[in-house]
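Structure at a glance
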Amino acid sequence: MFDQILTFLQALLDQTGAVNLSFGNLIMIIIGIIMIYLAIAKHYEPLLLIGIGFSCIVANVPGPPDVPGGPAISALLYTVKEGGLFHYAYMGVEKLIIPPLIFLGVGAMTDFGPMIANPRLVILGAGAHLGIFVALILAKVLGFTLSEAGAIGLIGGADGPMAIFVAVKLAPHLLGPISVAAYSYMALMPMIQPPVMHMLTTKAERDISMSDVRKVTKLEKIAFPLVIAIIVNLFFPPVAPLITMLMLGNLLKEVGVTDRLSKTAAGGLMNIIIIILTVAIGSTMSADKFLTVQTLEIVGLGLLAFLFGTGSGVVTAKIMNLFLKVKINPLIGSAGIASVPIAARVSHLVAFRANPKNLLIYHAMGPNLAGVFGTAISGGILLALLGVN
Amino acid sequence: MTAIVPDTLQGALIVSVIDFFLSFLIISGIGVVLSFFPLLNRVANFINAPKPVAAVKSKAAPVAHKPAEAGTSDDIAAIAAAVFVAMDGAPHRIINIEPSRSRSAWVVGGRIAQHSSHIPSR
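Moving on to the overall build of chain A. Within chain A one finds 22 helices and two strands. Taking 21 Å as the expected radius of gyration for a compact globule of 389 residues, we find that chain A reaches 22 Å, a close match to that expectation. In chain A, buried positions account for 59% of the 389 residues. Total accessible area computed for chain A in this model is approximately 16,000 Å², and 72% of it derives from carbon and sulfur atoms. Across chain A, 22 positive and 17 negative side-chain charges occur, with their mean positions spaced 15 Å apart.

This is how it looks when you write it as structure tokens:
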């Protein structure tokens, strides 16, 4: 009878995931907990990190094998596999439905006034993208194909939807690690960028205050999305879907007669997409998929891309200062890496800590918004050169 | 479409150099386009500029004449009215200012109720 009880208990234990918990799962669970900690305690992009971190934890809690003797399947992965709730969510990412909708929401939330008011600073939107090409070349050195290297490099654009868009076109099999790296580093920018910014600037440079910029009229703000949509569709058809939706969202916001639509795009719709996207990304972070040499290489290259992008933005601003009569604070250069508005906030905070009277947020938003276009342009050229429509 | 660039390290370098410099060039172009945006305001101002019209002869509104009591509030009211007339371009002019007579019992009662409701000792 005692043997029977033991057999039943063993059968019960086999139905749980405890016996299948691996060391890799534990590492990934710790990573998920760190993400949630950073979101709650440090306020590092909680909208992204809470969903990704939670899904990462649950994706690494194994359940019983799907088939007798087969690999352990996490309960979350049941929702991701075919027919599951988040399977269709992930299809939205794979089929490039979600990235344009994210851009629609971002456009409806964004005031492009700082970029229109100070056109000189848009150059920083290109200057802060050196990281893309450093990562691209290093990826090629590590043995990735040129298409894979291009997709990995775009992580350095610090633009999640654009990284997903280009990855799907160039290397769909790398979509999981690329999206994880892009969104995780975007959320962790308050940790990644400041050391580089400090290293490349002096105290006197960080203290430079910038004067107010001119007021942008409603007419200019309405003309902006129309002009940019025409330029992008004309010259960059490969990335036109994203920028067109960005501009549509912005037009809905600026015209002032479609408040219902812009509020929906920037509010409810955007929130739903964030939940779907973060769970879809986090659910790809199971240890067996994530803790591979290839994924770790991609994550490492992504980090390098962010570091070099931040540095090149600051250096570009310093080079501009050589030619400008009224100097700009070089800290706003790092905001050119895109990732609206995270990078602009980091520029502002680093300057604010150096001098509490220095309020750079509005000035940093100009290059930050230009960075979105810089990433789109880089991605568009990359797709064209690599022969992708 | 086929890839223009060979799948080699040299290809990666070529792609990077072309992409980086073209990005600079194109984004600078966008900057140039944006620098012309203030012209839109000038065009709009030109289109919306008020056309010269014949001066309208102002007509005084019939009001009772009573000497105004001097006071700061009266001065502010007079200045505000004058600014409004000047900004609006309306064919009116200020003739007389006098204190309000509407000291109804319900107004006084309301004020007492409001002020007394915030006495800290209660």
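This part is about the overall build of chain B. Within chain B, the regular secondary structure consists of four helices and zero strands. Going from the N terminus to the C terminus, chain B shows its helices and strands as α-α-α-α. Looking at chain B as a whole, 13% of its 122 residues are labelled buried. With an accessible surface of roughly 9,800 Å², chain B has 67% of that area assigned to carbon and sulfur atoms.

Glancing now at the pattern of salt bridges. Enumeration according to the criterion identifies seven salt bridges over all chains in this entry. Between A:Lys140 and B:Asp7 there is a salt bridge; the shortest N-O distance is 2.7 Å. Residue A:Lys140 is found in helix α9 (residues 130-141), and its partner B:Asp7 is found in the segment before α1 (9-35); the two belong to separate chains. Of the residues examined, A:Lys140 reaches a relative accessible area of 15% and is grouped as buried.

This part is about unusual backbone geometry. All names here are of chain A. Of the consecutive residues Val340 and Pro341, the connecting peptide bond is found in the cis state with omega at -10°. Position of Pro341 among the secondary structure elements: in the loop between α20 (293-323) and α21 (342-354). Unusually for a residue other than glycine, Ser339 sits at a positive phi of about 55°. Take Ser339: it is sitting in the loop between α20 and α21.

The next thing to look at is the packing of aromatic side chains. The geometry of two aromatic rings is summed up by the distance between their centres and the angle between their planes. One pass over the structure, following the stated rule, counts seven aromatic pairs over all chains. Arranged with centres 6.1 Å apart and planes meeting at 80°, the rings of A:Phe224 and A:Phe373 form a pair that is edge-to-face. Of this pair, A:Phe224 sits in helix α15 (residues 218-235) while A:Phe373 sits in helix α22 (residues 361-385), placing them 149 residues apart in sequence. A:Phe373 gets classed as buried once you look at its relative accessible area, which sits at 2%. The structure contains a cluster of three or more aromatic residues connected by ring pairs, namely A:Phe133, B:Phe20, B:Phe21 and B:Phe24.

Interface size is often expressed as the accessible area that is lost when the parts come together. Contacts between the two partners involve 41 residues from chain A, matched on the other side by 33 residues from chain B. Summed over both partners, the interface of chain A with chain B buries about 3,100 Å², with 79% contributed by carbon and sulfur atoms. Interface area lost by chain A to chain B is led by A:Phe133, A:Leu146 and A:Leu385, which between them contribute 18%. Between the two partners, chain A and chain B, sit one salt bridge.

The subject of this paragraph is the packing of helix α11 (residues 160-170) of chain A against α22(A). All names here are of chain A. At a minimum axis distance of 10 Å, the contact between α11 and α22 shows a crossing angle of 5°. Judged by the inter-axis angle, α11 sits roughly parallel to α22. Facing Met162, Phe165, Val166, Lys169 and Leu170 of α11, the residues of α22 in contact are Thr375, Ala376, Gly379, Leu382 and Leu383. Each residue belonging to the contact of α11 with α22 can be placed in one class, and the counts come to seven nonpolar, two polar and one charged.

Before going further, it helps to spend a moment on the environment of A:Val326. Residue and element names in this part refer to chain A. Looking at the element boundaries, Val326 is found in the loop between α20 and α21. Val326 gets classed as exposed once you look at its relative accessible area, which sits at 55%. Each C-alpha atom, one on Val326 and one on Ile31, is 45 Å from the other, the two residues being 295 residues apart in sequence.

Our focus in this paragraph is the confidence of the model for chain B. Residues and elements named next belong to chain B. Averaged over chain B, the pLDDT score is 73; the fraction of residues at 70 or greater is 49%. Least confident of the elements in chain B is helix α4 (residues 105-116), whose mean pLDDT is 67; most confident is α1, at 93. If you check the scores for this complex, the pTM reads 0.76 and the ipTM reads 0.82.

With that settled, the discussion passes to the side chain of A:Ser262. All names here are of chain A. Examined against the element boundaries, Ser262 turns out to sit in helix α17 (residues 259-266). Polar contacts involving the side chain of Ser262 include one to the main-chain carbonyl oxygen of Asp259, which spans 3.2 Å. If we skip the residues at most four places from it in the chain, Ser262 touches Ala108, Leu252 and Lys253.

Let us now look at a nonpolar patch on the surface. Residues A:Met1, A:Phe2, A:Ile5, A:Leu6, A:Leu9 and A:Leu12 make up a contiguous nonpolar surface patch of roughly 700 Å² in combined accessible area. Here A:Phe2 lies in helix α1 (residues 2-15).

Turning to the nonpolar core, a few remarks are in order. Residues A:Met115, A:Phe224 and A:Phe373 are the most contacted members of the largest nonpolar core, which totals 125 residues. Residues within four places of A:Met115 in sequence aside, it is in contact with A:Val122, A:Phe224, A:Gly366, A:Leu369, A:Ala370, A:Phe373, B:Ile30 and B:Leu34.

Now for α17(A). Residue and element names in this part refer to chain A. Listed as buried for α17 are Ser262, Ala265 and Ala266. For α17, the angular spread of the buried residues around the axis is 90°, confining them to a single face. For α17, the exposed residues lying more than 90 degrees away from the buried face are Arg260 and Lys263. The secondary structure elements touched by the buried residues of α17 are α6 (98-109), α16 (240-255) and α18 (268-282).

So, how was this worked out
Along every chain, residues carry numbers that run from 1 in the direction the sequence is written. Whichever chain is written first becomes A and whichever ligand is written first becomes 1, with later ones labelled in order. Reporting in this predicted model follows two pLDDT cut-offs: at least 70 for local features of residues, and 80 or more for side-chain atom pairs to be given and counted; totals over whole chains, interfaces and linings ignore these cut-offs and use all residues. Working from all heavy atoms in the structure, the side-chain values ignore hydrogens and water. The numbering of helices and of strands both runs from the N terminus, where a helix is a DSSP run of H or I of at least 4 residues and a strand a run of E of at least 2. The globule rule used for comparison is 2.2 Å times the number of residues to the exponent 0.38, while the radius of gyration itself is calculated over C-alpha atoms. The buried label goes to any residue with under 20% of its type's maximum accessible area, the exposed label to any with over 50%, and the partly exposed label to all in between, with areas taken from a 1.4 Å probe on protein chains only. Only the protein chains shown count as cover for residues, and the accessible areas themselves come from Shrake-Rupley with a 1.4 Å probe. Charged-residue counts in this description rest on Lys and Arg as positive and Asp and Glu as negative, His and the chain ends being excluded. Working definition for charges: the position is that of NZ of Lys, CZ of Arg, CG of Asp or CD of Glu. The working definition used for a salt bridge is a side-chain nitrogen of Lys or Arg within 4 Å of a carboxyl oxygen of Asp or Glu. Working definition: rings of Phe, Tyr and Trp (its six-membered ring) pair if their centres are within 6.5 Å, and the pair is stacked with planes under 30 degrees apart, edge-to-face with planes over 60 apart, and tilted otherwise. Two residues qualify as a contact provided that any one of their heavy atoms is within 4.5 Å of a heavy atom in the partner residue. Simply put, the buried area is the total loss of 1.4 Å probe accessible area from both parts when two parts are fitted together. All axes here are fitted lines through C-alpha atoms, helices being fitted over the stretch that makes contact, and every angle between N-to-C directions spans 0 to 180 degrees. Roughly parallel means an angle under 35 degrees; roughly antiparallel, over 145; roughly perpendicular, 65 to 115; everything else is oblique. When residues are sorted by character, Ala, Val, Leu, Ile, Met, Phe, Trp, Tyr, Cys and Pro go into the nonpolar class, Asp, Glu, Lys and Arg into the charged class, and all the rest, Gly among them, into the polar class. One number per residue, pLDDT, summarises how confident the predictor is, and it ranges from 0 to 100. The term polar contact refers here to a pair of N or O atoms within 3.5 Å; inside protein, the definition further demands a hydrogen-donor-capable atom paired with an acceptor-capable atom, and it admits residues adjacent in sequence only when both atoms are side-chain atoms. Patch criteria: residues need more than 30% relative accessible area and no salt bridge. Like-charged residues are merged within 9 Å; nonpolar side chains of Val, Leu, Ile, Met, Phe, Trp and Tyr are merged within 5 Å. By convention a nonpolar core is built from buried Ala, Val, Leu, Ile, Met, Phe, Trp, Tyr and Cys residues, the set being connected through side-chain atoms within 4.5 Å. By arc we mean the arc of the directions from the helix axis to the C-beta atoms, nothing more.

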